[in-house]
Amino acid sequence: MNTELLTDILLSPVALALLALLAERWFPWPEQWHPFAVLRLMAAYMSGKVNKPNRPVGQQRLAGFLAWLTMSLLVLLPAAIVFAGAEVSLAIGWLILLVSLRQQPVSHAIKLADSHLQRGRKNAARAWLSRITWRDCDLLSEHGIAKTSIELRATSILEHRFTPLLFWFVGGPLAALGVRTLSELTQVWPVAQAKYRHFGLATHWLHTVTHFLPSFLLALAARFIALFQRNKFRLQPLKRNPLFSTILLSWIQSFSYCHRVSLGGPIQVQGIRIARQRFEGRPAELLISRAPRWQRQWQFFFVACLVIALFALFIYRP
């Protein structure tokens, strides 16, 4: 193999994705300096200015769509200009992917919540979970804390790993950044909260559309893995929920089935109980210590897929 061909393989999207995945895992970006921290602050400030509950429903929905459009342009337009004009576009694209794979703040908070729960410090565990989710965590039982923690890990696998990687290969760095920006905005403007029920509808719908394929593929992978395990629990037909996309719930169900852990069930948001389908499995509080290992296994799964793709690129090079 000549040097030029080796360089092309090492600078291929597969190799860059593998490098970004490992870099985000082992060299996390400080939270206070991460662009998404600024994005969330700007999104919260904007919604406070333009989201007026006393306005008609149509105006709230239009305001939400324009807010998403504005935030997306503020993020993607500078990134596109720098990416298009830079002499080292590969390096800029790789940096954009690294930003899009941000997972460490969520993983850190969940890790501390699990640690406090295992030591019997429920209030501390609830406080850490409250930092990374819009659900009410103040009154969660031990079972509720464990279930919420595992669900957030499963959501993180989809939102912070698989979806940006998939969009990186399909549409490049700007596509990965755009879909990750959308995910961040759905966390700031959740339709499950009454004040964002109409304002966040456009973002919620776009999030559902863009995550249809990633959720489907990841759920399919989880169910395939489950075929090699003994599982006495059964997959139940998914029930339609107006506040939670069926295709996204299918990933939680598949994760529950793959690891045989009980997930789903009703949650509380701003003091209001919201119904959700329960997924059968072993009690979450008994498996909380295994959840970090599950997350590492999925991380290894993505790394292994990229390594296999890299070897295939090496063997079947043109």
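Note: the structure precedes this text.
Criteria and cut-off values
Residues numbered from 1 in each chain as written. Predicted model: local features only at pLDDT ≥ 70, side-chain atom pairs only at ≥ 80, totals over all residues. Heavy atoms only, no water. Helix = DSSP H or I, 4+ residues; strand = E, 2+ residues; numbered from the N terminus. Buried < 20%, exposed > 50% of the residue type's maximum accessible area, 1.4 Å probe, protein only. Contact = heavy atoms within 4.5 Å. Areas by Shrake-Rupley, 256 points an atom, 1.4 Å probe, with all protein chains shown as cover. Lys, Arg positive; Asp, Glu negative; His and termini not counted. Charge placed at Lys NZ, Arg CZ, Asp CG, Glu CD. Salt bridge = Lys/Arg side-chain N within 4 Å of Asp/Glu carboxyl O. Core = buried A, V, L, I, M, F, W, Y, C linked by side-chain atoms within 4.5 Å. Expected span 1.5 Å × (residues − 1). Bend = angle between axes of the 7 residues up to and from the residue. Phe/Tyr/Trp six-rings, centres within 6.5 Å; stacked < 30°, edge-to-face > 60°. Lys NZ or Arg CZ within 6 Å of the ring centre and 35° of its normal. 1 Å grid on protein atoms, 1.4 Å probe; cavity = no way out; pocket = protein on both sides within 12 Å on 5 of 7 lines; lining within 4 Å. Points joined across faces, edges and corners; volume = space filled by probe spheres on them. Nonpolar A, V, L, I, M, F, W, Y, C, P; charged D, E, K, R; others polar.

Novice: What's the story with the overall build of the protein chain in this structure? I'm lost.
Specialist: Per the secondary structure count, the protein chain includes 13 helices and four strands. Summarising its shape, the C-alpha atoms of the protein chain cover approximately 65 × 50 × 35 Å along the three principal directions. In the protein chain, which comprises 318 residues, the proportion classed as buried is 48%. Sequence separation of 24 or more characterises 73% of the internal contacts of the protein chain that already satisfy a separation of 6 or more. For the protein chain, the exposed surface amounts to about 16600 Å²; the carbon and sulfur share of it is 65%. Computing the positive centroid from 35 side-chain charges and the negative centroid from 14, the protein chain places the two 9 Å apart.

Novice: What is the right way to look at the pattern of salt bridges in this model?
Specialist: Should the charged atoms of two oppositely charged side chains come close, the side chains can pair. According to the stated counting rule, one finds seven salt bridges in the structure shown. For Glu-184, the salt bridge goes to Arg-40, with nearest N and O atoms at 2.7 Å. Of this pair, Glu-184 sits in helix H9 (residues 173-188) while Arg-40 sits in helix H3 (residues 35-50), and the two are 144 residues apart along the sequence. Among the ionic pairs, Glu-151 bridges to Arg-276, the shortest N-O distance being 3.0 Å. Of this pair, Glu-151 sits in helix H8 (residues 142-171) while Arg-276 is found in the loop between strand E3 (272-274) and strand E4 (278-279), placing the two residues 125 residues apart along the sequence. By relative accessible area, Arg-276 is classed as buried at 12%. Several salt bridges share partner residues, and in doing so they unite Arg-40, Arg-102, Arg-180 and Glu-184 into one network.

Novice: Explain the nonpolar core here, please?
Specialist: Soluble, globular proteins show a tendency: their nonpolar side chains are buried together. Counting residues in each nonpolar core, the largest one holds 50 residues, and the members touching the most others are Ile-150, Leu-218, Trp-251, Phe-255 and Trp-298. Elements with a contribution of two residues or more to this core: helix H2 (13-26), helix H6 (104-118), helix H7 (122-130), H8, helix H11 (212-226), helix H12 (246-259) and helix H13 (291-315). Here the element with the most residues in this core is H8; it accounts for 11 residues. Membership of the second largest hydrophobic core comes to 19 residues, among which are Leu-39, Ala-67, Trp-68 and Leu-182.

Novice: Any chance you could explain H8 here in plain terms?
Specialist: Over its 30 residues, H8 runs 42 Å from end to end, which matches the ideal 44 Å to within 8%, given 1.5 Å per residue. Along its length, H8 reaches its greatest deviation from straightness, about 35°, at Phe-162, and the proline Pro-164 lies no more than four positions downstream.

Novice: When you look at the packing of aromatic side chains in this model, what are you seeing that I'm missing?
Specialist: Given two aromatic rings, one states the distance between the centres and the angle between the planes to describe the pair. In total, this model carries 12 aromatic pairs according to the counting rule given. Ring centres of Trp-298 and Phe-302 lie 6.4 Å apart, and the angle between their planes is 45°; this geometry places the pair in the tilted category. Note that Trp-298 and Phe-302 are positioned in helix H13 at a spacing of four residues, about one turn of the helix. Neither residue differs from the other here; Trp-298 and Phe-302 are each classed as buried. Through a chain of ring-to-ring contacts, three or more aromatic side chains come together here, namely Phe-162, Trp-251, Phe-255, Trp-294, Trp-298, Phe-301 and Phe-302. In this structure, Arg-25 packs its charged tip against the face of Trp-26, placed 4.6 Å from the ring centre. Directly above the aromatic system of Trp-128 lies the positively charged group of Arg-131, at a separation of 4.1 Å from the ring centroid.

Novice: Help me understand helix H5 (residues 89-100), please; the structure alone is not making it clear to me.
Specialist: Because each turn of an α-helix spans 3.6 residues, side chains separated by three or four positions in sequence point in the same direction. With 12 residues, H5 should reach 16 Å at 1.5 Å per residue; the first-to-last C-alpha distance of 16 Å fits that figure. In this fold, the buried residues of H5 make contact with H2, H3, helix H4 (57-85), H8 and H9.

Novice: Is there a simple way to explain empty space enclosed by the protein in this structure?
Specialist: Unoccupied space between atoms shows up once a probe the size of one water molecule is rolled over them. Taken as a whole and assessed by the stated rule, the structure comprises one cavity of 30 Å³ or more. Approximately 70 Å³ is the volume found for the largest cavity. By residue number, the principal contributor to the lining of the largest cavity is H12, which donates three residues. Here the residues of the lining of the largest cavity sort into four nonpolar, four polar and three charged.

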